[in-house]
Amino acid sequence: MRVTSIGATIALITMAALCSASGAESISVSTDASAAQITSGKALTQKLRCTGCHAATLVGIPGFSPSITPSGVLKQYNQKTFETVLDTGVTPSGAPVSPPMKVYHLPASQADDIYFYLQTLK
Ligand code: HEC
């Protein structure tokens, strides 16, 4: 898995927490990215074919689609506005996404997982 050192650190800390905890229910990760969320986010970008249009590493395809990594359009987003674009198709500028980018009506929890995964990319 390609992750930055920050992403790897988050993953390691979380795995350590998971290993030392007595039960999964005792772990609360509502605001910080967990390793599970990052893994889920990566799987979602493949399942929903984000990778098909934005390239395997989500850096975009010149002349077709933008990079959606932190060095690309992701820097224009926060967690909330990213949830919004994947739910309603409305971008932070207020403009709608253009086809072939879809309005996914994605649940916020899934948009969050993708957001956290994208944060681990360059
Ligand atoms: C069928 C091809 C296709 C698929 C599949 C696709 N995209 Fe896109 N996406 C595009 C294109 C082309 C654009 C540029 C058009 C636009 O920005 O309106 C875009 C734009 C975007 C933008 C930038 C919107 C902006 O301008 O701020 C984001 C964020 C994004 N896509 C995320 C995703 C995610 C996450 C997925 C998977 C859930 C995904 N895309 C799946 C083609 C696709």
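Summarised in this report is the structure supplied together with it. Keep in mind it's a predicted model, so treat the numbers as computed, not measured.

### Quick look at the overall build of the protein
In terms of helices and strands, the protein carries 5 helices and 0 strands. For the protein, contacts bridging at least 24 residues in sequence account for 52% of all contacts bridging at least 6.

### Focus: the site of the ligand
Lining the immediate environment of the ligand, one finds 21 residues, of which Cys50, Cys53, Val97, Ser98 and Met101 sit closest. Contributions of two or more residues to the shell around the ligand are made by helix H3 (50-54) and helix H4 (79-88). Considering every element that reaches the shell around the ligand, the biggest residue donor is H3, with 4 residues. Grouping the constituent residues of the shell around the ligand by class yields 14 nonpolar, 6 polar and 1 charged.

### So, the nonpolar core
Of all hydrophobic cores here, the largest spans 17 residues; its most connected members are Ala111, Tyr115 and Leu118. Sorting the residues of this core by element identifies helix H2 (35-47), H4 and helix H5 (108-119) as the ones contributing at least two each. In terms of residue count, the dominant contributor to this core is H5 (6 residues). Here Leu118 is in contact with Leu58, Ile68, Thr69, Pro70 and Leu74, once residues within four sequence places are set aside.

### Quick notes on H5
Compared with the 16 Å implied by 1.5 Å per residue over 12 residues, the 16 Å span of H5 between its first and last C-alpha is a close match. Of all the 12 residues making up H5, 9 are buried; the element is thus mostly covered by neighbouring parts of the structure. Every buried residue of H5 is accounted for by Ala111, Asp112, Asp113, Ile114, Tyr115, Phe116, Tyr117, Leu118 and Gln119. Next to the buried residues of H5 lie H2 and H4.

### Some words on the environment of Thr39
Relative to the helices and strands, Thr39 is located in helix H2. What makes Thr39 partly exposed here is the crowd of 15 C-beta atoms within 10 Å. For the pair Thr39 and Ile114, spaced 75 residues apart in the sequence, the C-alpha separation amounts to 9.0 Å.

### A short note on the environment of Glu83
Position of Glu83 among the secondary structure elements: in helix H4. Once the C-alpha coordinates of Glu83 and Tyr115 are considered, the two residues, 32 residues apart in sequence, prove to be 8.3 Å apart. Those residues in contact with Glu83 that lie beyond four places of it in its chain are Ala108, Ala111 and Asp112.

### Quick look at the packing of H4 against H5
H5 packs onto H4 with a crossing angle of 120° between their chain directions and a minimal axis gap of 9 Å. Taken together, the axes of H4 and H5 are oblique relative to one another. Between H4 and H5 lies a crossing of right-handed hand. Contacts from Gln79, Phe82, Glu83, Leu86 and Asp87 in H4 reach Ala108, Ala111, Asp112 and Tyr115 in H5. Considering only residue class, the contact of H4 with H5 consists of 5 nonpolar, 1 polar and 3 charged.

Conventions used here
Residues numbered from 1 in each chain as written. Predicted model: local features only at pLDDT ≥ 70, side-chain atom pairs only at ≥ 80, totals over all residues. Helix = DSSP H or I, 4+ residues; strand = E, 2+ residues; numbered from the N terminus. Contact = placed C-beta atoms within 7 Å. Near = placed C-beta within 6 Å. Nonpolar A, V, L, I, M, F, W, Y, C, P; charged D, E, K, R; others polar. Core = buried A, V, L, I, M, F, W, Y, C linked by C-beta atoms within 7 Å. Buried ≥ 20, exposed ≤ 12 C-beta atoms within 10 Å, placed from the backbone. Expected span 1.5 Å × (residues − 1). Axes fitted to C-alpha atoms, helices over the stretch in contact; angles between N-to-C directions. Parallel < 35°, antiparallel > 145°, perpendicular 65-115°, else oblique. Left-handed = near helix turned anticlockwise from the far one by under 90°.

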